[in-house]
Amino acid sequence: GDEEEAKRQAVEAANPDNCSLFLHGLHRDPGMTLTMDALMDAFRTFGCTGVRFPKPKTNRNGGHYQNQQQQQPSFAFLDFGTHDEASQCLADLKGEAVVRNVMLTLKWSSSP
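Residues numbered from 1 in each chain as written. Predicted model: local features only at pLDDT ≥ 70, side-chain atom pairs only at ≥ 80, totals over all residues. Heavy atoms only, no water.

Asker: Sorry, what's going on with unusual backbone geometry here?
Answerer: With the exception of glycine, most residues fall at negative phi, and the peptide bonds are largely trans. One non-glycine residue with positive phi stands out, namely Lys94, at about 50 degrees. With respect to the helices and strands, the residue Lys94 is situated in the loop between helix H3 (83-93) and strand S4 (96-99). Positive phi values are uncommon outside glycine, yet Asn101 reaches one of about 65 degrees. Along the polypeptide, Asn101 turns up in the loop between S4 and strand S5 (102-108). (Helix = DSSP H or I, 4+ residues; strand = E, 2+ residues; numbered from the N terminus.)

Here is the structure:
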C-alpha cells in the first residue's frame, strides 16, 4: 500500500548507497521520442550518469513476445554519481519532470 511505499521511499532516501531514481511515465509517449539520449539530455544537468531501461519480457520459450518488440517500457532508471545528486534532482523536480511534453514521475528506486 501507500504507507509501505512511503516507508520504502524514506529508507531509500536515507540509504547513502542508493544513487538511482525510478522514472515512470514513458508509456505516455506514443511517439517513443524519449530515447536514452533524450532522457540523458534532460537529466544530465542534475548529475545523471546513465539511463537504464528494463530488460524486455521474454516468454517461456525464451523468445520475445511478438507484440512486445515495439512496446515502450513504462519506466526507466536514472543513475547518478552520488546519492546527494540523486536526492537533489528529486528535490529540485519535486518528483515530477516534463521531457518532450511527456509528464514523468520520479521516486527513489528500490535497492537491488
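From this point, things continue past the structure.
Asker: Explanation requested: helix H1 (residues 2-13) in the structure shown.
Answerer: Spacing of three or four residues puts side chains on the same side of an α-helix, whose turn is 3.6 residues. End to end, H1 covers 16 Å across 12 residues, agreeing with the expected 16 Å (1.5 Å per residue, within 8%). Taken residue by residue, H1 has Glu5, Gln9 and Glu12 as its buried positions. For H1, the angular spread of the buried residues around the axis is 65 degrees, confining them to a single face. Across H1 from its buried face, at more than 90 degrees, point the exposed residues Glu3, Glu4, Lys7 and Val11. (Expected span 1.5 Å × (residues − 1). Buried < 20%, exposed > 50% of the residue type's maximum accessible area, 1.4 Å probe, protein only. Arc of directions from axis to C-beta.)

Asker: Which parts of the structure should I look at to understand the pattern of salt bridges?
Answerer: Close approach of charged atoms allows side chains with opposite charge to pair. Summed over the entire model, instances satisfying the criterion amount to 4 salt bridges. In this structure, the salt-bridge partner of Arg44 is Asp41, at a minimum N-O distance of 3.0 Å. Using a relative accessible area of 46% as the deciding quantity, one classes Arg44 as partly exposed. Overall, the relative accessible area of 49% leaves Asp41 in the partly exposed class. Linking Asp79 and Arg52 is a salt bridge whose minimum nitrogen-to-oxygen distance equals 2.7 Å. Here Asp79 is found in strand S3 (residues 75-80), whereas its partner Arg52 is found in strand S2 (residues 48-52), with 27 residues between them in sequence. Ionic contacts of the salt-bridge type, sharing partners, join the residues Glu5, Arg8 and Lys107 into one network. (Salt bridge = Lys/Arg side-chain N within 4 Å of Asp/Glu carboxyl O.)

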